[in-house]
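# Structural features, examined
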Amino acid sequence: MIDRTREHLIETYRKKAKHYDITCRLYPAPGYPQRGQRRRAVQALGLRPGDSVIDIACGTGLNFPLIEDVIGPTGRIVGVDLTDAMLARAQDRTETNGWSNISLVQADAADFDFPAEADAILSTYALSQVPDCAEVIAHGAAALSAGGRWAVLDLKVPDNTPGWLTQAGTATVRPFASIEEWIMRRPWDAIRAAMQEELADFSWTELFFGTAFLASGSRLS
Ligand SMILES: C[S@@+](CC[C@H](N)C(=O)[O-])C[C@H]1O[C@@H](n2cnc3c(N)ncnc32)[C@H](O)[C@@H]1O
């Protein structure tokens, strides 16, 4: 079952990869403040020059410029994603920008062997698609350096939204998966609980009328 879901997801993102950077500007709706939300997520990592950052489910690498701006050439990014075609776009971005400090790894986030002593881990608009998201958070938290930070930005259903409206809204956002499954599973609750459990200084901020959240924290001492 998980394999079928995973294969479907890879096929979907293979089709999306070529035009992802353009179409994602409409995600989850035209005019959605996605770029501002990405900036906030990167700020939540408290990065410094020379830091090492793991971008989980990095897609085409849309976060890379924001991270590179802070860590500079002495820092390091490891981008991890399940879909080869998305990583190919991330590789194009890396070469176009002349960044020599980025490694890309094709892996399921649930199986990824986090390198020890990472300064920061980021995941944007992706972790709620990973069935084992709580395990991914725990594995990442264990790999962080002392004081290292984890930040997750993702979509959610606003609290108190009527069921019919939720379905209508998310149908445009998640055509690739079972909308009902995503709504019923409420992955943002699992992400919140896991981050609260695994991290110190846990912070949870709802964004844009509760349609997204930014969760972050530091490695427990
Ligand atoms: C909506 S895109 C987000 C990409 C990127 N993080 C961004 O902010 O633009 C979701 C990405 O998650 C990846 N993905 C989904 N499930 C995954 C998993 N279990 N492990 C690794 N990557 C996964 C997909 O291949 C896709 O590139």
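Conventions used here
- Residues numbered from 1 in each chain as written.
- Predicted model: local features only at pLDDT ≥ 70, side-chain atom pairs only at ≥ 80, totals over all residues.
- Heavy atoms only, no water.
- Helix = DSSP H or I, 4+ residues; strand = E, 2+ residues; numbered from the N terminus.
- Rg over C-alpha atoms; globule rule 2.2 N^0.38 Å.
- Contact = heavy atoms within 4.5 Å.
- Areas by Shrake-Rupley, 256 points an atom, 1.4 Å probe, with all protein chains shown as cover.
- Phe/Tyr/Trp six-rings, centres within 6.5 Å; stacked < 30°, edge-to-face > 60°.
- Buried < 20%, exposed > 50% of the residue type's maximum accessible area, 1.4 Å probe, protein only.
- Pairing = 2+ DSSP bridges.
- Near = heavy atom within 4 Å.
- Polar contact = N/O pair within 3.5 Å; in protein donor to acceptor, adjacent residues only side chain to side chain.
- Nonpolar A, V, L, I, M, F, W, Y, C, P; charged D, E, K, R; others polar.

Our next topic: the overall build of the protein. Within the protein one finds 9 helices and 7 strands. For the protein, the C-alpha radius of gyration of 16 Å lies close to 17 Å, the compact-globule estimate for 221 residues. Across its three principal axes, the protein shows a C-alpha extent of roughly 50 × 40 × 35 Å. Across the protein, every contact between residues at least 6 apart in sequence was considered, and the portion connecting residues at least 24 apart equals 72%. If you sum the accessible surface of the protein, you get close to 10600 Å²; carbon and sulfur atoms cover 54% of it.

All told, the structure shown has 6 aromatic pairs when counted by the stated rule. Summarising the aromatic geometry, the rings of phenylalanine 112 and phenylalanine 114 are spaced 5.1 Å apart at their centres and angled 70° between planes, so their arrangement reads as edge-to-face. Both residues of the pair, phenylalanine 112 and phenylalanine 114, count as buried. Judged by centre distance (5.1 Å) and plane angle (65°), the rings of phenylalanine 208 and phenylalanine 209 are edge-to-face. Judged by relative accessible area, phenylalanine 209 falls into the exposed class, the value being 70%. Of the aromatic side chains, those joined through ring pairs into one cluster are Tyr32, Phe208 and Phe209.

This paragraph deals with helix H4 (residues 64-71). Within the sequence span of H4, burial applies to Phe64, Leu66, Ile67, Glu68 and Ile71. Residue glycine 72 follows H4 closely and has a positive phi angle near 70°.

Counting buried positions along strand S7 (residues 212-219) gives 7 out of 8 residues, so the element sits mostly inside the fold. Two elements, strand S6 (residues 199-207) and S7, share 7 bridges in a ladder whose sense is antiparallel. Each residue of the ladder has a partner; that of tryptophan 204, found in S7, is alanine 215. With antiparallel pairing between neighbouring strands as the criterion, S6 and S7 make up a hairpin whose turn holds 4 residues, including phenylalanine 208 at a positive phi of roughly 45°.

Further remarks concern the site of the ligand. Taken together, 20 residues lie around the ligand, and Tyr20, Ala57, Asp81, Thr83 and Thr124 are the ones closest in. Between the ligand and the protein, one listed contact pairs a nitrogen atom with a backbone N or O atom of alanine 57 at 2.7 Å. Measuring from a nitrogen atom of the ligand, one finds a backbone N or O atom of alanine 109 at 2.8 Å. For the shell around the ligand, a count of residues per class yields 13 nonpolar, 4 polar and 3 charged.

Attention shifts here to unusual backbone geometry. Put simply, tyrosine 27 and proline 28 share a cis peptide bond, and its omega is -5°. Tracing the backbone through its elements, the reader meets proline 28 in the loop between helix H2 (20-23) and helix H3 (34-43). Although it is not a glycine, tyrosine 125 adopts a positive phi angle of roughly 50°. Mapped onto the elements of the fold, tyrosine 125 is located in the loop between strand S4 (118-124) and helix H6 (133-143). You will see that aspartate 201, though not glycine, has its phi angle at about 50°, which is positive.

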